[in-house]
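# Observations on the model geometry
So you can see what is in the structure, the chains are spelled out below.
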Amino acid sequence: EANRVNRCKTESQQRGPELTIRQRTGSRQPAAFRGYHFRRNPENTPTVTMVSAETIGSIFIKVFKVIINIVVLIIYRTGYGGDFLGIGGTWNLNEEKSPDAEIVASGVFVGFIIYTGVQLITFGFGTTKHKYELSDTIMNVVGTFMWVAVGGTALHYWHGYLAEHDFENITSERTAGLALGALCVINGALYLADSVLAFIHYTKYA
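Residues numbered from 1 in each chain as written. Predicted model: local features only at pLDDT ≥ 70, side-chain atom pairs only at ≥ 80, totals over all residues. Heavy atoms only, no water.

All right, on to the overall build of the chain then. Of regular secondary structure, the chain possesses six helices and two strands. Helices and strands in the chain line up, N terminus first, as α-α-β-β-α-α-α-α. Put simply, of all contacts in the chain between residues at least 6 apart along the chain, 70% involve residues at least 24 apart. Carbon together with sulfur atoms contributes 65% to the accessible area of the chain, which is approximately 12700 Å² in total. (Helix = DSSP H or I, 4+ residues; strand = E, 2+ residues; numbered from the N terminus. Contact = heavy atoms within 4.5 Å. Areas by Shrake-Rupley, 256 points an atom, 1.4 Å probe, with all protein chains shown as cover.)

Shown next, in the form of structure tokens:
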């Protein structure tokens, strides 16, 4: 019996350095180590994989997108001398705005600020599980087209806008409308850049 115990101890000591962290701690990683990949270095101490440049770039782009989105919402709501500005959607003698265009625009502004905010929170947890999904790439591609479409509509409407009761070409609401359209197009470009980074994430971690 003593020989069998000594033999087991000897075998366990020989196998000890070859065991991985997951084998030493069980099938489940400790909470502090979840989401990280560990390798054995020459000193037999765990090393954490560094954050990729694509992840850092995507975080910065998402922060800029949220900031621009907030500014766009403020202009959209209060750009007409403190009242609702809108993006227009039609150009006629009565300067009537299209309700369909306003519905789409408000949905884009509110929907994408919620989505981008949720994605930022997901990045904040420090895991890589969300990078396996293709949904972020698809949403960014859709966001590119939607933001450019809304911005183009606003630029088209407010470029030909004339103030009420006069023929001034430069008015505060016209300037606000053009700024709104330009910011939407810029945000569309950011969504395009983020879609490229999201696709790189997907191909790397899939």
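Applying the stated criterion to the full structure yields six aromatic pairs. Geometrically, the ring pair formed by F109 and W147 is tilted, given 5.3 Å between the ring centres and 40 degrees between the ring planes. On the criterion of sequence distance, the pair formed by F109 in helix α4 (residues 99–124) and W147 in helix α5 (residues 135–159) is long-range, its members being 38 residues apart. Grouping residues by exposure puts F109 and W147 together as buried. (Phe/Tyr/Trp six-rings, centres within 6.5 Å; stacked < 30°, edge-to-face > 60°. Buried < 20%, exposed > 50% of the residue type's maximum accessible area, 1.4 Å probe, protein only.)

Where charged atoms from two side chains of opposite charge approach closely, those side chains can pair. Here the structure, examined in full by the defined rule, presents three salt bridges. Where K62 meets D194, a salt bridge forms, and the shortest distance between an N and an O atom there is 2.7 Å. Taken as a pair, K62 in helix α3 (residues 53–78) and D194 in helix α6 (residues 172–205) lie far apart in primary sequence, 132 residues in all. Note on K62: relative accessible area 1%, which makes it buried. For D194, the salt bridge is made with K65, and the minimal N-O distance between the two is 2.8 Å. Taken together, the residues span a long stretch of sequence, with D194 in helix α6 and K65 in helix α3 at a distance of 129 residues. On the basis of relative accessibility, which here comes to 0%, the residue D194 falls in the buried class. Judged by relative accessible area, which is 2%, K65 ranks as buried. (Salt bridge = Lys/Arg side-chain N within 4 Å of Asp/Glu carboxyl O.)

Along the chain, S195 turns up in helix α6. Leaving out residues up to four positions away in the same chain, S195 has contacts with T137, N140 and V141.

Bringing a nonpolar patch on the surface into the picture now. A grouping of I56, I59, F60, V63, F64, I67 and V71 is seen on the molecular surface, where their side chains present a nonpolar patch of about 590 Å² in accessible area. Along the chain, the position of I67 falls in helix α3. According to the relative accessible area criterion, I67 is partly exposed, its value standing at 45%. (Patch = residues over 30% accessible without salt bridge, like charges linked within 9 Å, V, L, I, M, F, W, Y side chains within 5 Å.)

What follows is about the UniProt feature "transmembrane region" (unreviewed entry) in the chain. With numbering matched to this structure, UniProt assigns "transmembrane region" (unreviewed entry) to residues 103–126, 138–158 and 178–200. End C-alpha atoms of residues 138–158 are separated by 30 Å, and the span's content is 100% helix alongside 0% strand. Annotation note: span residues 178–200, helix share 100%, strand share 0%, distance between end C-alpha atoms 34 Å. (UniProt positions renumbered as here; feature names shortened; annotations may be inferred.)

Along the polypeptide, N187 turns up in helix α6. We classify N187 as buried; its relative accessible area is 0%. Contact partners of N187, with chain neighbours within four places excluded, come to K65, I68, N69 and W147.

Let's shift gears to the nonpolar core. One recurring pattern in soluble globular proteins is that nonpolar side chains are buried together. Ranked by internal contacts, the top residues of the largest apolar core, which has 24 residues, are V72, I87, F109, W147, V150, L180 and C184. Secondary structure elements with two or more residues in this core: α3, α4, α5 and α6. Considering every element that reaches this core, the biggest residue donor is α6, with six residues. Discounting residues that sit within four places of it in the chain, F109 has contacts with N69, V72, L73, Y76, I87, W147, V150, L180 and C184. (Core = buried A, V, L, I, M, F, W, Y, C linked by side-chain atoms within 4.5 Å.)

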